[in-house]
Amino acid sequence: MIEGDVMLSELDLKRDIKNGCTKAAYLLYGDDSYLIKNYSDKISEKVTETGGDFDIIKFDNDIEISDITDALLQFSFLNGRKCIVASNIAVDDMSAENFSKLKELIKNYNYDNVLVLTFDSNVIEVKRSSRLKTLISLFENNSFAVVNIAHKTKSELSSMLIKGAEKRGVLLSKQTADFLVDYCSDEINILVNELEKLCSYKQSGEITKEDIFSVCSQSFESSIYNISKYILLKDANNALLLLRRLIDQKVPIPAIYNEICSCFLDIFYCKCAEIARKKDSDILQDFEIPSNRAFRIKNAKNSARRIELYSLKNIISTALEFDAAIKGNNAETEIEIMVINIISCL
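Bear in mind the structure is a predicted one, so any value in this text is a computation, not a measurement.

(A) Main features of a positive patch on the surface. Together, K14, K42, K163 and K167 make up a region of like positive charge exposed at the surface. Along the polypeptide, K167 turns up in helix α6 (residues 154-167). K167 gets classed as exposed once you look at its relative accessible area, which sits at 76%.

What follows is the structure, given as structure tokens:
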């Protein structure tokens, strides 16, 4: 058993990987799918530097714990270590016997090989899983590594983009980096791809908003957010123009409808919190909003200050009235009428 701190930060995890992966077992969980897989891959690569891919064994979802135990007992091809990675094991759905075996495996862990368990909260309800909490406690008791990998904030993403651009010989200002996140996505894998495109296109000098417009793909969530923005400005012409553009691009109308509703629900939550004098953290907790949507709450707060509660109630009621119609044959016409009717509520 390795002595030291148990709950590691991402920085601690990076240092540990650089030092050769000193822990016998790792439990990675959180809501950033890209980073969880990225760190899992880095641990696997570091642990198996001697034997390479031959020494990596991966399991997914519904498995027998005996399969993991058998894998941990195997010898490395080149006298190194094997890395056994089990992703999103359905701990809440497995039998009591199987879960008991998993607990015993962690309690009495005595293997030369390294175990990595990953739990993505987009797949498994991490916060509500009592069994996952039990596993975390067992890892802590054994001084194994437990790392909560949360979705990056907008500021963290912008800093990452600025450093990434600098490494590629291109300048990117904080303001433009923020715009790139708003325009494209807050998902790291998407942003990395868009940054690669921008740097290849620019090659030298400073990336501008015009470059982003020319090269990058605007996320459909961002486009729909702009529809909501035009609605709030009572700008029916631009709201309908952007709506028509999305429809022409074959974006499913129910998806557009759900995103518009989600935007106004965020504003409603913020209005309720404003009246109750609650903090942003209370909104996320009380309405069970994932941390990767925290930036939307900040945007919604500004809108909530300018709209009365009764108007928001009318908007949500109006939107709900169109729920069935949006799924019918005249969906295109119905969603346009809905947008106009929502504007009339303001």
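Let's pick the thread back up.
(B) Region of the structure containing the environment of S281. You can see S281 is positioned in helix α13 (residues 280-286). Owing to a relative accessible area of 45%, S281 belongs among the partly exposed residues under this scheme.

(C) Expanded view of the nonpolar core. Residues I231, I256, F264, I267, I335 and M338 are the most contacted members of the largest nonpolar core, which totals 40 residues. At the level of secondary structure, the elements contributing two or more residues to this core comprise α10 (220-232), α11 (236-248), α12 (253-276), α14 (294-304), α15 (309-321) and α17 (331-345). Per-element accounting of this core gives the leading share, 12 residues, to α12. For I231, the contacting residues outside a window of four places in its chain are A239, F264, V339, I342, I343 and L346. Formed by 38 residues, the second largest nonpolar core is a distinct cluster that contains L8, L35, V114 and V215.

(D) A look at the sheet that holds strand β5 (residues 114-120). Spatial strand order, β1-β6-β2-β5-β4-β3: 6 strands in an open sheet with parallel pairing. Each edge of the sheet is formed by a strand with only one pairing partner; in this case those strands are β1 (7-8) and β3 (56-60). Where strand β2 (residues 25-30) and strand β6 (residues 145-149) come together, 5 bridges link them in parallel fashion. Across the sheet, G30 pairs through a bridge with I149, a residue of β6.

(E) Region of interest: the packing of aromatic side chains. Tallying each qualifying case throughout the model produces 7 aromatic pairs. Seen in terms of ring centroids, F139 and F144 are 5.6 Å apart; in terms of plane orientation they differ by 75°. Their pairing is edge-to-face. In this structure F144 comes out as buried when scored by relative accessible area, which is 4%. Between Y269 and F287, the ring centres sit 4.0 Å apart and the planes meet at 20°, which makes this aromatic pair stacked.

(F) Up close: a negative patch on the surface. Together, D62, E64, D67, D70, D92 and D93 make up a negatively charged patch on the protein surface. A relative accessible area of 46% places D70 in the partly exposed class.

(G) Representation of the pattern of salt bridges in the model. For the structure shown, the criterion picks out 19 salt bridges. A salt bridge links E10 to K152, with the nearest nitrogen and oxygen atoms 3.1 Å apart. Here E10 is found in helix α1 (residues 10-18), whereas its partner K152 is found in the loop between β6 and α6, with 142 residues between them in sequence. By relative accessible area, which is 22% here, K152 ends up partly exposed.

Cut-offs applied
Residues numbered from 1 in each chain as written. Predicted model: local features only at pLDDT ≥ 70, side-chain atom pairs only at ≥ 80, totals over all residues. Heavy atoms only, no water. Patch = residues over 30% accessible without salt bridge, like charges linked within 9 Å, V, L, I, M, F, W, Y side chains within 5 Å. Areas by Shrake-Rupley, 256 points an atom, 1.4 Å probe, with all protein chains shown as cover. Salt bridge = Lys/Arg side-chain N within 4 Å of Asp/Glu carboxyl O. Lys, Arg positive; Asp, Glu negative; His and termini not counted. Charge placed at Lys NZ, Arg CZ, Asp CG, Glu CD. Helix = DSSP H or I, 4+ residues; strand = E, 2+ residues; numbered from the N terminus. Buried < 20%, exposed > 50% of the residue type's maximum accessible area, 1.4 Å probe, protein only. Core = buried A, V, L, I, M, F, W, Y, C linked by side-chain atoms within 4.5 Å. Contact = heavy atoms within 4.5 Å. Pairing = 2+ DSSP bridges. Phe/Tyr/Trp six-rings, centres within 6.5 Å; stacked < 30°, edge-to-face > 60°.

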